[in-house]
Amino acid sequence: MTDLSSTPSNSLLTEDKRTKKRNAAERRFRAFGLGAILVSCLMLVILLISIVSNGASSFKQTYMAFPVTISQEEFDAAEGSILKTGAYNKMLQSALTEYLTTNDLLGDATEDDVKNMISGEAAADVRRLLLANAAVIGTEIDFNLLANGRIDGYFKGRVTRETAALDTKITGAQLDLADRMTEDGSMVTRFNWSFFTNPDASVQRPEAAGLGVAILGSLYMMAVVLCLALPIGVAASIYLEEFAKKNWLTDVIEVNIANLAAVPSIVYGILGLAIFINFAELHQSSPLVGGLVLTLMTLPTIIISTRAALKSIPPSIRDAALGVGASKMQSVFHHVLPLAAPGILTGTIIGLAQALGETAPLLLIGMVAFVKEYPAAYSPELGLFGEASTALPVQIFNWTTRSDPAFVERASGAIITLLVFLLMMNALAIFLRKKFERRW
Amino acid sequence: MLPLTIPFLATIGLATLGYFLGRSRAISVAGRDMRVLNALPHQHGLNTCFSTLLPPLAVMLVWALAARIASRKGVMLAPENPTLVYIILIGLAVAGLGLSMMKISRDFRARNASERWIMGLLIFASTVAILTTVGIVLSMVSETLNFFGQYDWKAFFFGTTWSPSFSGRGGDSQLGIIPLLWGTLYISFIALAFAVPVGLFAAIYLSEYASPRLRSIAKPMIEILAGIPTIVYGLFALLTVGPLLRDVFAEPLGLGDSASSVMTAGLVMGVMLIPFVSSLSDDIINAVPQAMRDGSLGLGATQSETIRQVIVPAALPGIVGAVLLAASRAIGETMIVVLGAGAAARLSLNPFEAMTTVTAKIVSQLTGDTDFGSPETLVAFALGLTLFAITLGLNVLALYIVRKYREQYE
Amino acid sequence: MKDINLAERAVTMNDIKIAAKGVQVYYADTHAIKDVNVEIEDKTVTAFIGPSGCGKSTFLRTLNRMNDTIDICRVEGDIRIDGEDIYDPKVDPVQLRAKVGMVFQKPNPFPKSIYDNVAYGPKIHGLARNKADLDEIVEKALRRGAIWDEVKDRLHAPGTGLSGGQQQRLCIARAVATEPEVLLMDEPCSALDPIATAQVEELIDELRQSYSVVIVTHSMQQAARVSQKTAFFHLGNLVEFGETDKIFTNPEDPRTESYISGRIG
């Protein structure tokens, strides 16, 4: 204490050397903290920008609009042939060539160039339309046909003249043609409703790929999770929170639930594969198995939040019910449970949101399969939710593994869709919490 | 499949009927004055309903399980004539209905009886958690043993090469877990090295410094990161972070030309873990009593001195628990490494090289064409069991530490 | 009141250590301290008494700016220590608190060893040049805290393992170790049993030799036992301030009398 300059007996109005140093350390520390928050928020922003900039264009799609007349004879001939869509494709191609010639748009494009402008999926669309509505046969119809994925990519900036020069699937002449058709008004970019309704499409036809089956499959699974996880979770929580005596068994259950909440999701996938598919012989890729796996995964979350909700109800409520002669069971079901309902609901929605975004376990139970048919909720052979299906996050994964960059756009668009669903669910949870929040 | 749909529906129908029958019988027993009944008609109805419903359901469950186990052993338990099954099950339901109807009298304590049934259901629900764990362990243990029957366990745990052969069965496949564990730990280490400082500083700033306004903006933003599905992070790694790291660091430094790398997966996983670390630490820091802060500030410590020398040491056990939980998350994370880390099993120190992890290999061995007789498929169960054991150890340790920590301040 | 103070000064001859003039404290919209004027002398024990919620603790905390840690708290008026305005923007509360130590209601040892608890203050303020120096400071502080003999054999055991009374004396030793000039004590005995209270009171009497001690208490007996000056607070007002003997035997204000005789509070 001989170093008088550092003793605090100096005047308070002058900052001594040591205090200066300490205050500088304080400012540095604060800057680190603020920096950490900025980094976190920045990461979120970059993540969202990256996804949106990659995926926003998937909500738009390039279509070609030109008149096609299909006569009854042509229709019969096509339906009689072996490759039905191939026959329709030919009709569409010749109709397009005719349209381009009459309007003097053809330029230096070859016949092959013109043919490849149309998506392979367009013929199937036309056939469906004709089969559904025979009255249009023989009349001139203004079809809106999907353009080839590369042409679509050209309007979205994914395909340029430089890349086209290196690409065997598109030529510069086709791009010129696309430009002329746009000026003419026969090539338009519109909102892509079919992205939400179409099933997946083959690797060659990214322009036709949609989320219809995936959304349906995810909905089915959420229904299974809701119907199983909510009642089981609430019943288990009621027992553990209100009735269970403190003994080794309840201790084991407690530790178990806490641990299950932290078990890697892929382990649930292995469980589903071994128990539900190999042992119980439920159908692979079915929303039922997916739902069961997600139920087991969501249960701990629901139990933990339900117990927290039950715990927040003050004992005086229980005492009041018991005091007028209600049984313990009645006090719980008549008073505690209704009061805890908003909390339980909030926890359940958050658990569902988690389940909706889960991918890894679904990969193992075969939901990554290519599914083109819309699954029915019930079929006599396969039972309830037994038909093969896929799910939103798995569809995203599936698309990321395909080489055509058009699928990256689709995957990002699917993520935006998934995030919108999650956002709505979380907003609902927050709304419920705000609306029913109660302080005791 | 056992023909259970018809008896199932019939039982449910009978039980519904039972509720109304029981109720109306109780009302008629009571005569005009409901007060002579020992329990409400509703409770009589419930008791009848549960007595009808639950015994056949329990039998069906046990039966289905037994038949499934038997059929795997090659024995058919399902009788040739399903009518017998119908008669037994529906008979059980009718018997339950009849017996419980006969019990209805003025003195019958239907409330206690129906509550015993409900209690049974509650207990059954809470055993689902245990059954899940049992299911996880059983499903993996039996297939793992199967695997070790075909592949030497020493070669699995100590082998330094991972190269499954895709043509045909076993033979020249080398299935050593070491390179996979190395990739897993390396990626987790990078993730934690990023997430722990950032998450901890963010939590400290939010709980000790931030104005309510900043807190109300920043906290939800960080929490949004926690709600984003891992597949989204995976795509973020694949599309944005991977190419960026390759172009900015790996290629100019001559460290590799792969977009998927340990660094890519580690950093993105780190972003995913930030909210996890920060929200757990936030809880833990807030649990440190205000008296500690006052004591330190009262001695003339600055706020950062108080945090570094009093609050963080006091919260250290809890923070360690949080970090262990985060580590368990990182080790078990799948989608980010599947999309961001690569597929090559490699023992290398270069963080810009592609490596793979236990979880990624579980996915690759169990998707596509799987043959449950070959070691290449079965190895996934051994990998899964190893993963489960590691994360279980971390979780139990972390939960124990956190629980002890909370008790200290309660 | 001015006359009384003049009279006091004549009697005790001690210097004025802290002079507060027109102090107002607000918690958001609540006016917690109303126009308090008080002069606290060096090497004296001054007791603040009054019913709970009267503002005595709040006022105590304004003296080393511990109120700064509460966002909604606002202080007006003029508080000087050795003639320097402690609310001057140039004053660093960190330096101030090194000069004005504080002991809290509940013993709050850090979850560290006994040695580290006491060494904490000297370390952050850089009072020791080396380990030997620090050892010396710690021992001196523990001796002044009248706890040295009880803990000298287990200096590296955790401070939280001590009994309540020992913990509080440890906290006092911790506060003393930074060589403060004023020691503020916020109901230091309220969490202690009678024996521990007696030990702490004895200690306070010894500390008077070197420091100006301000103690908040709601035990009138304690105030009478340990203090030379007493200030009576009621509903945020300083009702009466003077010699302890006089306040307890011959209060001027009827409210003080009511409190002393047990009718309010």
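Undergrad: Hey, could you go over the overall build of chain A for me, with residue numbers and the actual values?
TA: In terms of helices and strands, chain A carries 18 helices and five strands. Reported as C-alpha extents along the three principal axes, the dimensions of chain A are approximately 95 × 75 × 40 Å. Counting every position in chain A, which comprises 440 residues, the buried fraction comes to 45%. When contacts within chain A are restricted to residue pairs at least 6 apart in sequence, long-range pairs at least 24 apart make up 76% of them.

Undergrad: Describe the interface of chain B and chain A, with residues and values.
TA: Contacts between the two partners involve 67 residues from chain B and, on the opposite side, 71 residues from chain A. When its residues are assigned to classes, the side of chain B that touches chain A shows 44 nonpolar, 19 polar and four charged.

Undergrad: Tell me about helix 4 (residues 114-125) of chain C, and name the residues and values.
TA: Within helix 4 of chain C, ten of the twelve residues are buried, leaving the element largely enclosed by the surrounding structure. Listed in full, the buried residues belonging to helix 4 of chain C are I114(C), D116(C), N117(C), V118(C), A119(C), Y120(C), G121(C), P122(C), I124(C) and H125(C). Packed against the buried residues of helix 4 of chain C are helix 11 (303-332) of chain B together with helix 3 (93-99), helix 5 (131-144), helix 6 (148-151) and helix 7 (164-176) of chain C. G126(C), located one to two residues past helix 4 of chain C, shows a positive phi value of around 65°.

Undergrad: Can you tell me about the sheet that holds strand 3 (residues 187-191) of chain A, naming the residues and giving the values?
TA: Residues and elements named next belong to chain A. Pairing in this open sheet of three strands is antiparallel, and the strands run 2-1-3 from one edge to the other. With partners counted over all chains shown, the strands left at the sheet margins are strand 2 (140-146) and strand 3, one partner each. Geometrically, the sheet is characterised by an average inter-axis angle of 40° between neighbouring strands, direction not taken into account. For strand 1 (residues 60-69) and strand 2, the ladder comprises seven bridges, and the chain directions are antiparallel. By the bridge assignment, F66 is partnered in strand 2 with F143.

Undergrad: Just give me the short version of the environment of L65(B), but keep the residues and values in it.
TA: All names here are of chain B. Within the secondary structure, L65 sits in helix 2 (residues 41-72). Residue classification places L65 among the exposed residues on the basis of 12 C-beta atoms within 10 Å. Each C-alpha atom of the pair L65 and N38 lies 40 Å from the other, and the pair is 27 residues apart in sequence.

Undergrad: Describe the domain arrangement of chain B, listing the residues and the values that go with them.
TA: Where interface size is given, it is often the accessible area lost as the parts come together that is meant. Partitioning chain B into domains gives domain 1 (5-134) and domain 2 (174-408). Placing the centre of domain 1 of chain B and that of domain 2 of chain B at their C-alpha centroids yields a distance of 48 Å.

Undergrad: I'd love a proper account of the sheet that holds strand 9 (residues 229-234) of chain C, names of residues and values included.
TA: Residue and element names in this part refer to chain C. Across the sheet, which stays open at both edges, the six strands sit in the order 6-7-8-3-9-10 with mixed pairing between neighbours. The open sheet has two edge strands with one neighbour each: strand 6 (100-103) and strand 10 (237-243). Direction aside, the axes of adjacent strands within the sheet are offset by 15° on average. The strands that helix 7 touches are strand 6 and strand 7 (182-186); relative to strand 6, the one it contacts most, it runs at about 170°.

Undergrad: I'd like a rundown of the domain arrangement of chain A, residues and numbers included.
TA: Taken domain by domain, chain A consists of domain 1 (62-191) and domain 2 (212-436). Inter-centroid distance (C-alpha atoms) of domain 1 of chain A to domain 2 of chain A is 45 Å.

Undergrad: Describe the interface of chain B and chain C, and please don't skip the residues or the numbers.
TA: Each partner contributes residues to the interface: chain B has 15 residues there, and chain C has 21 residues. Taken together, the elements giving at least two residues each to the side of chain B that touches chain C come down to helix 10 (290-298) and helix 11 of chain B. Counting residues per element, the side of chain B that touches chain C draws most heavily on helix 10 of chain B, which supplies six residues. Counted by class, the side of chain B that touches chain C contains eight nonpolar, five polar and two charged residues.

Undergrad: I'd like to hear about the nonpolar core, residue by residue, with values.
TA: In this structure, V268(B), V277(B) and A326(B) are the most contacted members of the largest nonpolar core, which totals 270 residues. Dropping the residues within four chain positions of it, A326(B) is found in contact with L192(B), A195(B), L273(B), F276(B) and V277(B). Among the nonpolar cores identified, the runner-up in size contains 33 residues, and V68(A), L96(A), A147(A) and A201(A) belong to it.

Undergrad: So what's going on with the confidence of the model for chain A? Which residues, and what values?
TA: Here chain A averages 88 in pLDDT, and 97% of its residues register 70 or above. Under a pLDDT of 50 for its full length, residues 1-8 of chain A has, in the predicted model, twelve contacts with residues more than four places off or in other chains.

Undergrad: Please provide a residue-by-residue account of the packing of helix 1 (residues 17-55) of chain A against helix 8 (residues 230-250) of chain B, values included.
TA: Geometry of a packed helix pair, given as the angle between the helix axes and the separation of the axes. Where helix 1 of chain A contacts helix 8 of chain B, the two axes come as close as 10 Å, and the packing angle between them is 75°. With respect to each other, helix 1 of chain A and helix 8 of chain B are oriented roughly perpendicular. Residues L47(A), S50(A), I51(A) and N54(A) of helix 1 of chain A form the contact with helix 8 of chain B, whose participating residues are V232(B), F236(B), L239(B) and T240(B). Residue composition of the contact of helix 1 of chain A with helix 8 of chain B, by class: five nonpolar, three polar and no charged.

Undergrad: Give me the packing of helix 12 (residues 265-279) of chain A against helix 13 (residues 287-311) of chain A: which residues, what numbers.
TA: Residues and elements named next belong to chain A. At a closest axis distance of 10 Å, the pairing of helix 12 and helix 13 adopts a crossing angle of 135°. Relative to helix 13, helix 12 is oriented oblique. The two elements helix 12 and helix 13 cross, and the hand of that crossing is right-handed. Touching S265, Y268, G269, G272, F276 and I277 of helix 12 are V289, L292, V293, L296 and M297, all from helix 13. Here the residues of the contact of helix 12 with helix 13 sort into eight nonpolar, three polar and no charged.

Each value, and the rule that gives it
Residues numbered from 1 in each chain as written. Chains lettered and ligands numbered in written order. Predicted model: local features only at pLDDT ≥ 70, side-chain atom pairs only at ≥ 80, totals over all residues. Helix = DSSP H or I, 4+ residues; strand = E, 2+ residues; numbered from the N terminus. Buried ≥ 20, exposed ≤ 12 C-beta atoms within 10 Å, placed from the backbone. Contact = placed C-beta atoms within 7 Å. Nonpolar A, V, L, I, M, F, W, Y, C, P; charged D, E, K, R; others polar. Pairing = 2+ DSSP bridges. Axes fitted to C-alpha atoms, helices over the stretch in contact; angles between N-to-C directions. Domains from an automatic or database assignment. Core = buried A, V, L, I, M, F, W, Y, C linked by C-beta atoms within 7 Å. pLDDT = per-residue confidence, 0-100. Parallel < 35°, antiparallel > 145°, perpendicular 65-115°, else oblique. Left-handed = near helix turned anticlockwise from the far one by under 90°.

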